[in-house]
Amino acid sequence: MIRLLVADDQPAAREGLRLLFRPVRDVEVVGAAANGRELVSMARRLGPDVVLTDIRMPGTDGVSAARELSGLSPAPPTVMLTTFDTDEYLFGALQAGAVGFLLKESDPELYVEAVRAAASGQGVIDPKVTPRLVDRFARTSPRTPPRLVDDLTSREREVLVLVARGHSNARIAGELGITLGTAKVHVARILTKLGVESRVQAAVYAYRHGLTTWADD
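Residues numbered from 1 in each chain as written. Predicted model: local features only at pLDDT ≥ 70, side-chain atom pairs only at ≥ 80, totals over all residues. Heavy atoms only, no water.

Q: Describe the pattern of salt bridges, with residues and values.
A: Applying the stated criterion across every chain, the model contains eight salt bridges. The residue Glu158 makes a salt bridge to Arg155 at a minimum N-O spacing of 3.1 Å. Of this pair, Glu158 and Arg155 both sit in helix 7 (residues 154-164), three residues apart, roughly one helical turn. We classify Glu158 as partly exposed; its relative accessible area is 39%. For Arg155, a relative accessible area of 27% gives the class partly exposed. In this structure, Lys193 and Glu156 form a salt bridge, with 2.8 Å as the shortest nitrogen-oxygen distance. Placement of Lys193 in helix 9 (residues 180-194) and of Glu156 in helix 7 is noted, with a sequence separation of 37 residues between them. Three or more residues joined by partner-sharing salt bridges are found here, namely Asp8, Asp54 and Lys104. (Salt bridge = Lys/Arg side-chain N within 4 Å of Asp/Glu carboxyl O. Helix = DSSP H or I, 4+ residues; strand = E, 2+ residues; numbered from the N terminus. Buried < 20%, exposed > 50% of the residue type's maximum accessible area, 1.4 Å probe, protein only.)

Q: Which residues make up the sheet that holds strand 6 (residues 124-125), and what are the values?
A: If you trace the six strands from one edge of the open sheet to the other, you get 2-1-3-4-5-6, paired in parallel fashion. Edge positions in the sheet fall to strand 2 (27-33) and strand 6, since each of these pairs with one other strand and no more. As paired strands, strand 4 (residues 78-82) and strand 5 (residues 100-103) are joined by four bridges and run parallel to one another. Its bridge partner being in strand 5, Leu81 is matched across the sheet by Leu102. (Pairing = 2+ DSSP bridges.)

Q: Explain unusual backbone geometry to me, and be specific about the residues and the numbers.
A: Omega for the peptide link from Ser73 to Pro74 comes to 0°, which places this bond in the cis form. Inspection of the secondary structure assignment puts Pro74 in the loop between helix 3 (62-69) and strand 4.

Q: Account for the confidence of the model for the protein, with residues named and values stated.
A: In this model, the protein carries an average pLDDT of 86, and 90% of its residues clear a pLDDT of 70 or more. For the protein, per-element mean pLDDT is lowest for helix 6 (residues 130-140), which scores 67, and highest for strand 1 (residues 2-7), which scores 98. (pLDDT = per-residue confidence, 0-100.)

Q: Describe in detail the nonpolar core, supporting the description with residues and values.
A: Leu4, Phe21, Leu52 and Val115 are the most contacted members of the largest nonpolar core, which has 22 residues in total. Among the elements of the structure, strand 1, helix 1 (11-21), strand 2, strand 3 (50-54), strand 4 and helix 5 (108-119) are those that each provide at least two residues to this core. Counting residues per element, this core draws most heavily on helix 5, at seven residues. Ignoring sequence-local partners within four residues, the contact set of Val115 consists of Ile2, Leu4, Phe21, Val27, Val50 and Leu52. By size, the runner-up hydrophobic cluster in this structure holds 21 residues, among which are Leu160, Leu162, Leu191 and Tyr205. (Core = buried A, V, L, I, M, F, W, Y, C linked by side-chain atoms within 4.5 Å. Contact = heavy atoms within 4.5 Å.)

In structure tokens, the structure reads:
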């Protein structure tokens, strides 16, 4: 069971998150905070497996709370929610240690995927903001030698394209008709072969070297 702590300054939004996860058998909402300060306090007391929080909240916002949460031991992975898909919030959240970024208009299924992914040490970013994220990282991270693409199998190239489009391991497995375990193995091998540390860096590689384009998304 994944113990989830949510935070949003709007009571209706907090209740909406509770209702969203109520039928999800492997996720239990253990608490709902109204601001970042309350979120940090509840996280220390409840020890959640994953935190799902709004970015913009009065007082201590979600980004500031994420920075504090990253100092806990163990630190719960944080997924950010916002209606503002701007660079300021996106990169602020990632720099604060968030492992996922979702727009509030994201498909409810993506919410569940993101929480499950975070609980298993992965990250999920809404495909709608993936292009902006990859473009920013492509301009600030060192280039990966293009010859490394030759080390990937045809299946690994397929998986890499889906990673670049912001898909979680579960979604990759569904689209390719493989098991979740197999999808995880493919992603791990891709990161190793490309010599990168994260799915974002792998996505940068895919776009830089023409394995996929924005027009394909």
